[in-house]
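Spelled out, the chains give:
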Amino acid sequence: MSRYSETSRQIVHVAMIGFALLLRYLSWPGAAALAATALAFNWFLLPRVAPGIMRPAGHARSGRTGVVCYPLSVLLLVLVFRDRLDLAAAGWAVMAFGDGAATLAGTRIGGPRLPWNPEKTWSGMGAGAAAGAVGAVGLFLWVGPVMDPAPSMTFIVWASIAAAGAAALAETIPAGLDDNITVPFTAGAVLWLAAAADPSAVARLPALAARLPMGVALNGLMAWSAYLRGSLTLTGAIVGAIIGLVVYLGAGLPGWLLLFAAFVAAVVSSRLGLARKEALGIAEERGGRRGAGNALANLVVGAAGACLMAASGGWWAAPIVFIAGVVAGASDTVASEIGKAFGGTPRLVPSGRPAPPGTPGAVSIAGTLAGLVAALMMALPAADALIGMPDTIPATVAVVVGATLGAFLESALAARFEARGILTNDLLNFINTAAAALAAVLLFQPIARMLE
């Protein structure tokens, strides 16, 4: 009989946060060395000394993967936030408390299942968000006082809530990746965005509040219309309305118009050549209706960019993150749908081998060109409205190149990992938009210097 106990595993998972208390006293090299030691211990010795916390081979998730990914994620948090170990501690707390509480509440309390992932429950997601936020606040208060400058209480509270909430949502997205990767990555990304925010952004809250009624009305009307027309599922309409509101508040009407153009491009391209797609069995599921997972995967990076535009005090990278995140998701959808309808025989990336239409990771010339044209048509007016001259052209080029690189990265990963169930289509779409935004930010200034 197996000695494995999920409860024991989660108790150990949470208890390991005790080592985060040392971040108040350690420099980042010392913290990194501690995490690296834990990584080596978990890889080589833990399966032998504590077999009761190792998931059996037949478990849905690998027994060793989690205990290795945990210290690896801690190590990455320390390296990324080496000058802000309070942020590393908060991200660690979200992983330890949030993920552990979500698993225990989901199995012990149960309750209604999430519409986008029947394996997860509302109680688990809520418990994960609450426990992660409380844990992050506690670690912030412990490590923060030795930072220079120390974080304010206002920052500690809202950054912890935002990071824990986003991580709890990410933990529910169906994917083959271990939660010890998705949860700390999401929490770390939100904490990084929060740290980039301008403290004076609080003064802009009245202006944002003035936009709220129009934003609610506009996005509620559009979401309801899209649901009635069969373009969105009910949960897709709700999530889409929330993302649209965030974009309207952060990026204004020009940003919302880009989001609307991206939605139209996705819907129209999905309908083109529909008869051929249905005959081949590669048409979009649910008759083309986009669900909550589709909206989150394709637009969460753009929504984060809109939040940065509102909170960062005019940081040059914020509108580029927003535009690239939205354009990459839409242009990739256009490329995929046009390729399936009119692209002939696609080829796998990076091998170049021919494959049947609809094969994960396969691209066609027609689809690639359609994606490029769509990216250019959306990026140029958006960059002109949100960034303006003399940076319109460099920003447009950076966004189009970033979207193209993100799409090819997604295709390469899909060809290797999607069919094996390691990465889902929604997770691949998120990787695409995140990579596109990162590439566009890195490319913008070099391109601007070249075009001077």
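Residues numbered from 1 in each chain as written. Predicted model: local features only at pLDDT ≥ 70, side-chain atom pairs only at ≥ 80, totals over all residues. Heavy atoms only, no water.

S.K.: Would you mind showing me how to read the overall build of the protein chain here?
M.R.: When you go through the protein chain residue by residue, the secondary structure sums to 16 helices and four strands. Partitioning the contacts of the protein chain with sequence separation of at least 6, the portion at a separation of at least 24 is 74%. (Helix = DSSP H or I, 4+ residues; strand = E, 2+ residues; numbered from the N terminus. Contact = heavy atoms within 4.5 Å.)

S.K.: So what exactly am I meant to see when it comes to the environment of Trp316 here?
M.R.: Structurally, Trp316 can be placed in the loop between α12 (292–311) and α13 (317–342). What makes Trp316 partly exposed here is its relative accessible area of 35%. What Trp316 contacts, discounting residues up to four positions off in sequence, is Val441, Phe444 and Gln445. (Buried < 20%, exposed > 50% of the residue type's maximum accessible area, 1.4 Å probe, protein only.)

S.K.: What is the right way to look at the packing of α13 against helix α15 (residues 392–418) in this model?
M.R.: When two helices pack together, you describe them by how their axes are tilted relative to each other and by the distance separating the axes. In the contact formed by α13 and α15, the axes pass within 9 Å of each other and the chain directions differ by 50°. Viewed along their axes, α13 and α15 adopt a mutual orientation that is oblique. Regarding α13 and α15, the two cross each other, and that crossing is right-handed. For the pair formed by α13 and α15, the contact residues are Ile320, Ile323, Ala324, Val327, Ala328, Ser331 and Asp332 on the first element and Val399, Ala403, Ala407 and Glu410 on the second. (Axes fitted to C-alpha atoms, helices over the stretch in contact; angles between N-to-C directions. Parallel < 35°, antiparallel > 145°, perpendicular 65-115°, else oblique. Left-handed = near helix turned anticlockwise from the far one by under 90°.)

S.K.: Sorry, what's going on with the packing of aromatic side chains here?
M.R.: Two numbers describe a pair of aromatic rings. These are the distance of the centres and the angle of the planes. Counted by the stated rule, this structure contains seven aromatic pairs. The interplanar angle of 80° and the centroid separation of 5.8 Å between the aromatic rings of Phe155 and Trp158 together place this pair among those described as edge-to-face. Taken together, the residues span about one helical turn, with Phe155 and Trp158 both in helix α7 (residues 153–172) at a distance of three residues. Considering the side-chain rings of Trp224 and Tyr227, the 5.6 Å spacing of their centres and the 35° angle between planes classify their relative orientation as tilted. On the criterion of helical spacing, the pair formed by Trp224 and Tyr227 is a turn pair, its members being three residues apart in helix α9 (residues 205–228). (Phe/Tyr/Trp six-rings, centres within 6.5 Å; stacked < 30°, edge-to-face > 60°.)

S.K.: Where do I start with a nonpolar patch on the surface in this structure?
M.R.: A cluster of nonpolar side chains, namely Leu376, Leu380, Ile393, Val397, Val401, Leu405, Met450 and Leu451, defines an oily patch on the protein surface of about 710 Å² accessible area. Of all the elements in the fold, those that place two or more residues in the nonpolar patch are α14 (365–386) and α15. Among the elements that take part in the nonpolar patch, α15 stands out by supplying four residues, more than any other. When its relative accessible area of 36% is taken as the criterion, Leu380 is described as partly exposed. (Patch = residues over 30% accessible without salt bridge, like charges linked within 9 Å, V, L, I, M, F, W, Y side chains within 5 Å. Areas by Shrake-Rupley, 256 points an atom, 1.4 Å probe, with all protein chains shown as cover. Salt bridge = Lys/Arg side-chain N within 4 Å of Asp/Glu carboxyl O.)

S.K.: Quick question: what am I supposed to make of the nonpolar core here?
M.R.: The nonpolar side chains of a soluble globular protein tend to be buried with one another. Residues Ile243, Leu258, Phe322, Ile323 and Val327 are the most contacted members of the largest nonpolar core, which totals 45 residues. Taken together, the elements giving at least two residues each to this core come down to α10 (234–271), α12, α13, α14, α15 and α16 (425–450). Those residues in contact with Ile323 that sit more than four places away from it in its chain are Leu258, Ala379, Ala382, Ala383, Leu386, Ile387 and Val399. One finds Ile17, Ala20, Val94 and Val190 within the second-largest nonpolar core, a separate group that totals 40 residues. (Core = buried A, V, L, I, M, F, W, Y, C linked by side-chain atoms within 4.5 Å.)

S.K.: Which parts of the structure should I look at to understand the packing of α10 against α13?
M.R.: Between α10 and α13, the least distance of the axes is 8 Å, while the angle of their chain directions is 5°. The angle between α10 and α13 falls in the class roughly parallel. Contact with α10, carried on its side by Val247, Ala251, Gly255, Leu258, Leu259, Ala262, Ala265, Ala266, Ser269 and Ser270, involves Phe322, Ile323, Val326, Val327, Ala330, Thr333, Val334 and Glu337 of α13 and no other residues of that element. Residue composition of the contact of α10 with α13, by class: 13 nonpolar, four polar and one charged. (Nonpolar A, V, L, I, M, F, W, Y, C, P; charged D, E, K, R; others polar.)

S.K.: For this particular structure, what's the right way to read the side chain of Thr392?
M.R.: Within the secondary structure, Thr392 sits in helix α15. Engagement of the side chain of Thr392 in a polar contact is seen with the backbone nitrogen of Met389, the distance being 3.4 Å. Leaving out residues up to four positions away in the same chain, Thr392 has contacts with Leu380, Ala383 and Asp384. (Polar contact = N/O pair within 3.5 Å; in protein donor to acceptor, adjacent residues only side chain to side chain.)

S.K.: So what exactly am I meant to see when it comes to the pattern of salt bridges here?
M.R.: Where charged atoms from two side chains of opposite charge approach closely, those side chains can pair. Applying the stated rule across the entire model yields three salt bridges. For the salt bridge of Asp86 with Arg84, the shortest nitrogen-to-oxygen distance reads 2.8 Å. Accessibility expressed as a relative area gives 0% for Asp86, which makes it buried. Between Lys340 and Glu337 there is a salt bridge, with the nearest N and O atoms lying 3.4 Å from each other. Highlighted residues: Lys340 and Glu337, both in helix α13, separated by three residues, approximately one helical turn.

S.K.: Can you walk me through α14 in this structure?
M.R.: Structurally, the α-helix is built with 3.6 residues per turn, so residues lying three or four positions apart point the same way. Given a rise of 1.5 Å per residue, 22 residues ought to cover 32 Å, and the 31 Å separating the end C-alpha atoms of α14 matches this to within 8%. Buried residues along α14 sit against α10, α12, α13 and α15. Between the side-chain oxygen at the start of α14 and the backbone nitrogen of Gly367 there is a gap of 3.0 Å, and the oxygen is on Ser364. Phi turns positive one or two residues past the end of α14, at Gly388, with a value near 80°. (Expected span 1.5 Å × (residues − 1).)

S.K.: So what exactly am I meant to see when it comes to α12 here?
M.R.: A maximum bend of about 55° is found in α12 at Leu299. In terms of burial, α12 is largely enclosed, as 16 of its 20 residues are buried. (Bend = angle between axes of the 7 residues up to and from the residue.)

Purely geometric numbers; function is a separate question.
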